[in-house]
Structures are given as structure tokens and as C-alpha cells.
Amino acid sequence: MNALLPSATTIAALVKIGLLVGGLMTAAAYLVLLERWIAAWVQDRKGPNRVGIPLTDIRLFGLGQPLADGLKIILKEDFTPSHVDRVLYNAAPLLILAASLAIFAAIPFGSVLPPLGIAGLPDPVPFLVAPGLDVGVLWVFALSSIAVYGVLLGGWASNNKYGFLGGLRSSAQLVAYEIPLGLGLLGVVLAAGSLRLDRIMEAQAASGVWYAFAQPLGFVVFLVASFAEAARLPFDLPEAEQELVGGYHTEYSGIRLLLFLVAEFLHMITAAFLIVIMFLGGWHLWGVTGAGTEVTWAGALLRFAILSAKILGVIVFFMLVRWSWPRFRFDQLMNLAWKVMLPLGLANLVTVAAVEELRPWLVEHVGSSAAGWLAVGLPWATFLVGWIVAGVFTPSSTDNTPILTHGPLDAEHDLDHDPLDDVAGGHRLEASPR
Amino acid sequence: MTLPDGATPLLLGSVAAFAAGLWLLLPSVQRAGWLERWSSRLGVALGAAALAGLALAGRRLGGLGEEAVFQIVAAVALVGGTATVVTRSPVYAAIWFALALTGVAGLLLVLGAQFLGVATIVVYAGAILVMFLFVLMLAQPTGLAPYDRVSNEPLLSAVAGGVLLALLTVSIGRLSAEPPACCQVPSRADAVAAAAAPARPADPAALDADAVARLGAELFGRHLVAVEAAGLLLLVALVGAIAVVSRGEAAESAERGAA
């Protein structure tokens, strides 16, 4: 009967999954409140500050708001329009939420626990659901590409033009920005020599140089691409309210809409995790945390707290950006991905590869400290050159003036011809007095 | 997969049931009335029996959890693959195919080939199939085309698939049962690599911590030319696609100019 009992490793994994899912769901609920507070602060109003403890008059700065919001959306009618493809319409929100949650199997949410001494459980216990997974970064990629299906199928199954357009826009955007995202990430993988996110954090802690400082160009490319992958402003074209009502989830209501919204928030949290883990040192802070895997309980909690604080900071940055930039046009979005971010990502990758290849030779010939400065200086030189080249040669990609070229379609549409003339049967319409 | 003794008849029976179920499920127009009415239910029943037989015929994997996960993902892969060829709607076929790929990726993960498993999802399900879905969703006319509604040669294809499956399973089962050392002369590169590489971990069930690093070193060491050639081929295909598109545009505008 021993084979039927779950092993200590299985129980540890289940405990971690429980903690992670519970923590993520609570975090998502309270991040919605934070987002509304920040929006209110930017727009100089008060924001949600009324709902406190239920059935009392205690307001608590509005901290009860997530509960009220959640109950409200769950209790709303879950309406299925008659013209949808029922199977896919129901499967899409489940698929996207499942994929967004499963991503976290490979994402560490802390460092390690001190040895527990439980039989059958290898010490030290990492803050990671699947510590044996050697391809952590690729796992994140694979599951975020599965999440694209949720968006695409939700839009298509809704049988609604807004939904379908939103789904198409979204999947085109996600597929396009996966390439700069991957290029930004490859530089880090190359420098750290591992696809495991916990090893990447340990490599940064060991050298003390976070990859945001060692690979500034890669950091910028990855940051921009992860905004696009999370479909946050200025890349929120998939659900541009003014054009598409709600994009791919236009037809959804009630709890299924909630699943979509939670999945979107989880995408943002995932992006923040990846930015912090790969470029901002993860749990490492100079002079505070140390570098090795030998920790005390206080050290383990401190590392967890530092990682969480960094992630919260990145999320606040996401939310501030939302109220600071207007949305891109779709051609600008694609130009940015293919003509700016892709070459910059390649430049970063080549620079990092050159630095890593030359490092042993440099250490041997010019000494280790000079080699260290060169290894950081060369990427910064690439960053400056890339920035200048991108700024000088792609100015039109953010220009909003309409392009008046004579393409093949213009033969049919004379630009000087006023379309209103046709509407009024040749007679020009007078502006109606209001 | 090593076959246990006496499992071959069960295995062949399951494969035959699978082929018969596949034939019943394939969309066709030339069946008798009663068969047409019952074909889908009968086909599903035969398929379920075949899955159960295949699950019983294989060798056990060890732990109960491992075994359960293996059987579930294997069933997902088989059901997804069958539904891909059986379903009539192209969009559903693409989604079933994505499910089959997920099942295959799960199998690879369970068996320890992590990189292959994850790469299958990234490349096939994540990139290629999304493109397929794009095209299918954009280009689907109202109703289904004749080639979607009826399968061309349901009997022949089911029999061919069954025979292929049976032969492959039995022969691979035989092959992996005996050590293949007899037919291989180790090359010099092999010997050097074996001398340089650290010893393999003693426990074959434990995950190889450096599996991906080893795979990368192999790909970009011994097989560098093949990798580069494949990359070049893809680049040529890309350039060719762009050339075809721009030529089509040029011809179109020339036509318009002539008109």
C-alpha cells in the first residue's frame, strides 16, 4: 500500500501550489483595487474608499472593495448568447486561466527554505513548484503561447465582429512580440548559462551585477515586449474600448468574464515576475541578502519579501504607464515589433555572445577587474548606439499624420472628391444647426 | 516500450479495434442505414476498448502517480489525434490537433525529455497551429466544403493506419527489448565525448540535471552543420515566400494599369 500514499515531494508540491494559487488570486483581487487607486490618484479624484468590513460602518480605506467587486461579478447573470459556438465559448475562459496559472509551476517566488529535515524531502526546499524542470524559461513561453488559444477561440466562438477582431488583433500582437521577448530573454540565458529561473537569480546574486545593468538593451526590449504580451497600455489594442467594445470578451458576462479578467491580471503578474527575476536580481539586494543557498529562516523570509517588493514596484510601474501613454495604432505596433525591437534584440544578443566569448581571454590578458568593466561597458555602448540609430531612422513609426501616398486603391477613391457629395445626391449637405 | 510476455495478442487486438473504430467514426456516405445510425456510438465504444487494451498491454512504469499521468496524457494524445481526422469542421480539427500535440508533449515530459516536450508546444501548438487557426477562421465560408464532409477512402485509410501502428509497436517493442550494442561501432568522436562527459547518474529514473545543456552541446557541436543547414533552408523559404508575394502584387498592379 506504500505506493498509494503520496510521497513527501508530492505533498510539498501540493502545499506550494495551494500557497501560490491562493496568493496569486488574492494578489490579483487587491491589485485591481491598487489599479483603481492609482487611476484615481493620477486623475485627481478619490477612488474607491467606501467599502470596508461588511455589515459595519468601518471603512478601512476601501479595503473591502475586492470582496464587493468579486461578489458582484459572480452574482451577475451568466448569459450565453444564442449565436455562439457553445463548446469553444465555454472552453476559452477555462483554457486561458488554466494556462496562466500553470505558468507559475516554473516561476520561483522566493529563494530556498532552510533545511527542514523531513524524511524523503530533499533539502533545501526551493520556493518553486517544479524544481526539477530544467527548461523553466521555455515552459513559461510554451504556456503563454497556449494562452493565446483562449483569446483566439474566445473571439471566434463569440461569433461577433468586435470579438473576432479583438481575438485576431490580440493573437497577432502576442505572436509578433514573442520574438523580441525571446531575444531579450536569450541574452540572459546566455549570460547565466541556464534555462532555470532560480539559477538565473543565483547567477545575478553571485556576481552582484543584475542583468538590467549588464544588458541594458536587452532589458528595454524585454520590458517593452512584456508590456505587449500582457496587453497593457500602450499595447491594449485587443480590447480597445473605443473601437472594439471589449475585444475578444465582448460577449462574455458574469463569472466567465471574471476568468478572462483574472487571466489578464495574471499575465501582468507573470510579466512582473519575469522582469524582476531575469533583469532586476530576483531576491538579491546588495549587502542585505547574501548570495548562497545557505539561509536562516529570517534570511529566507527577507529574500521572499525583497522579491515581492520588487514585483510590486514593477506592477506599480505598469499601472502608472497605463495612465501616461496613449494607445498605439496597429501599424505602429507592428513597426515597433519588427523594425525596432527585433533588430535591437538581435544587437543585444550578439553583444552578449561576444562578451561571454571574450571574457576568459580578457580576464587572462587585461586582468579580471578591467575585464568586468569591459563586459559591462560594451553592452552600454551597444545600448547607446542602438538607441540613437532607432531614434534617427524610425521617426515616422510614431508619426500620426495620415500617409497620403497614391497606392493601388487610390485610383478608385479620388482624395479631392468629397464623399459627402455622393451621400447627398450631389448636393452638399449643410451643417445642421444645433 | 518493452512488451511483457504474452501481451502481443492483446496489443494486436486493441490495434484492430482501434482501426475498426476509426473506420466507423470517419465521415462517409456509403454505409447501410442501420450502421450509419449506430456508427458513431459503436466507434467510440471500440475506441475506448482499444485504449483500455493498449493501457493493459504496455509495461508498467513504476509509481502510481507516474503511471496515471502517463496513461492520461497518452489517452489525450490518441483521442486528440483520432478526433483530428474524424471531425468535419476544420477549426475543430485544428484544435483537436493542438490537444494531440499537448498530449505528446506531456508524454515527452513524463518520460524525461523535457526540452523536446516543451519545444513541441512552443513550435507546433504555439506558432504553427495558431497560424493555421488564423487562416481557417478568416477564410472559412458558410457551411463546409465537400472534402470536409466526406472522407475519401475511410476503409483503406483505417486499415493502413492500423497496420502501420501494429508493425511499429511490435517492432519497436522487440528492438528496445534487446541491447542494440551488436550493430554499432563507436566512432572516434563518440569515444572522445564518452571520455570527456561526466558519468551518467546511477539512477535512470532521476531527472538528468544537465539534459538541456547536453542536448545543446550535441546540437551545436557534432550536428552544427545540420542545424545551420536547417536554418538556411528556413531562411530561403522565408525569402521565397516574400518574393512570391511581391511578384503577385506587381502582377496585380500591372493588370490594373492595363485595364
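This is a predicted model, so every value here is computed, not measured.

Looking only at helices and strands, chain A features 14 helices and 0 strands. Helices and strands in chain A line up, N terminus first, as α-α-α-α-α-α-α-α-α-α-α-α-α-α. Buried positions account for 41% of the 434 residues belonging to chain A. Contacts in chain A between residues far apart in sequence, at least 24 positions, make up 77% of those at least 6 positions apart.

A few words on the overall build of chain B. Of regular secondary structure, chain B possesses 10 helices and 0 strands. If you list the helices and strands of chain B from N to C, you get α-α-α-α-α-α-α-α-α-α. Looking at chain B as a whole, 20% of its 259 residues are labelled buried. Considering only contacts within chain B whose residues lie at least 6 apart along the sequence, 70% involve residues at least 24 apart.

Next up on the list: the interface of chain B and chain A. The interface of chain B with chain A comprises 23 residues on the first partner and 21 residues on the second. Among the secondary structure elements, those contributing two or more residues to the side of chain B that touches chain A are α3 (64–86), α5 (114–139), α9 (211–219) and α10 (224–258) of chain B. A per-element tally of the side of chain B that touches chain A places α5 of chain B first, with 13 residues. Looking at the side of chain B that touches chain A residue by residue, the classes come out as 17 nonpolar, 5 polar and 1 charged.

Here we take up the domain arrangement of chain A. Residues and elements named next belong to chain A. Once the domains are mapped, chain A shows domain 1 (7–75) and domain 2 (82–115 + 126–330). Contacts between domain 1 and domain 2 engage 17 residues on the former and 17 residues on the latter. Here the side of domain 1 that touches domain 2 gets 15 residues from one element, more than from any other, and that element is helix α1 (residues 8–42). Across the side of domain 1 that touches domain 2, the residue classes break down as 15 nonpolar, no polar and 2 charged.

Should the pLDDT be low somewhere, the predicted coordinates at that spot are not to be read in detail. Residues and elements named next belong to chain B. Averaged over all residues, the pLDDT of chain B equals 76, while 74% of them reach at least 70. Confidence, expressed as mean pLDDT per element, reaches its minimum in chain B at helix α8 (residues 188–196) with 54 and its maximum at helix α4 (residues 90–110) with 88. pLDDT under 50 marks residues 198–206. Its contacts with residues more than four places away, or in other chains, come to 3 contacts. Prediction confidence for the complex, expressed as pTM and ipTM, is 0.80 and 0.76 respectively.

Residues and elements named next belong to chain A. Contact geometry for helix α8 (residues 216–229) and helix α12 (residues 330–366): axes closest at 9 Å, N-to-C directions at 145°. Of the two elements, α8 crosses α12, and the hand of that crossing is left-handed. Here α8 contributes L217, G218, V221, V224 and A225 to the contact with α12, which in turn contributes M341, L344, G345, A347 and N348. Partitioned by chemical class, the residues of the contact of α8 with α12 number 7 nonpolar, 3 polar and no charged.

Looking at chain A, the pLDDT average stands at 81 and 89% of residues meet or exceed 70. Within the model, pLDDT remains below 50 along residues 421–434 of chain A, and this stretch shows 5 contacts once partners closer than five positions in the same chain are excluded.

The next point concerns the nonpolar core. Ranked by internal contacts, the top residues of the largest apolar core, which has 134 residues, are A272 and I275 of chain A. In terms of residue count, the dominant contributor to this core is helix α10 (residues 254–279) of chain A (18 residues). In contact with A272 of chain A, other than residues within four places in its own chain, are I311, V314, I315 and F318 of chain A. Counting 18 residues, the second largest nonpolar core, distinct from the first, contains L25, A50, L54 and A57 of chain B.

Moving on to α8 of chain A. Along its 14 residues, α8 of chain A runs 20 Å from first to last C-alpha, staying within 8% of the 20 Å computed at 1.5 Å per residue. The buried count for α8 of chain A comes to 13 of 14 residues, which makes it a mostly enclosed element.

The next thing to look at is the environment of R88 of chain B. Residues and elements named next belong to chain B. Note on placement: R88 falls in the loop between α3 and α4. C-beta crowding within 10 Å serves as the criterion here: with 13 such atoms nearby, R88 is assigned to the partly exposed category. It is 35 Å that separates the C-alpha atoms of R88 and A7, two residues lying 81 residues apart in sequence.

Now for the environment of L215 of chain B. Along the chain, the position of L215 of chain B falls in helix α9. Separated by 99 residues in sequence, L215 of chain B and L116 of chain B place their C-alpha atoms 9.9 Å apart.

A few words on α1 of chain A. Residues and elements named next belong to chain A. End to end, α1 covers 49 Å across 35 residues, agreeing with the expected 51 Å (1.5 Å per residue, within 8%). Residues of α1 that are buried include every one of A12, K16, L24 and L31, and no others. Among the structural elements, α10 and α11 (297–322) are those in contact with the buried residues of α1. Directly after α1, the chain includes D44, whose backbone phi takes a positive value near 60°.

This part covers the environment of V245 of chain A. All names here are of chain A. Along the chain, V245 falls in the loop between α9 (241–244) and α10. Considering only alpha carbons, one finds V245 and G163, 82 residues apart in sequence, at a separation of 8.5 Å. In contact with V245, not counting residues within four places along its chain, are Y162 and T250.

Residue and element names in this part refer to chain A. A positive phi angle, near 55°, is found at N159, a position not held by glycine. When you line up the elements, N159 lands in the loop between α4 (136–157) and α5 (161–192). For N159, a count of 16 C-beta atoms within 10 Å puts it in the partly exposed group. If you check the backbone angles, A231 has positive phi at about 55° while not being a glycine. Overall, A231 belongs to the buried group, with 21 C-beta atoms counted inside 10 Å.

Further remarks concern the packing of helix α3 (residues 86–102) of chain A against α4 of chain A. Residues and elements named next belong to chain A. Relative to each other, α3 and α4 sit at 160°, their axes nearing to 8 Å. What the angle tells us is that α3 and α4 run roughly antiparallel. In the crossing of α3 with α4, the sense of the turn from one axis to the other is left-handed. The segment α3 lies against α4, with L88, Y89, A91, A92, P93, L95, I96, A99, S100 and A102 engaging L143, I146, A147, Y149, G150, V151, L153, G154 and A157.

Each value, and the rule that gives it
Residues numbered from 1 in each chain as written. Chains lettered and ligands numbered in written order. Predicted model: local features only at pLDDT ≥ 70, side-chain atom pairs only at ≥ 80, totals over all residues. Helix = DSSP H or I, 4+ residues; strand = E, 2+ residues; numbered from the N terminus. Buried ≥ 20, exposed ≤ 12 C-beta atoms within 10 Å, placed from the backbone. Contact = placed C-beta atoms within 7 Å. Nonpolar A, V, L, I, M, F, W, Y, C, P; charged D, E, K, R; others polar. Domains from an automatic or database assignment. pLDDT = per-residue confidence, 0-100. Axes fitted to C-alpha atoms, helices over the stretch in contact; angles between N-to-C directions. Left-handed = near helix turned anticlockwise from the far one by under 90°. Core = buried A, V, L, I, M, F, W, Y, C linked by C-beta atoms within 7 Å. Expected span 1.5 Å × (residues − 1). Parallel < 35°, antiparallel > 145°, perpendicular 65-115°, else oblique.

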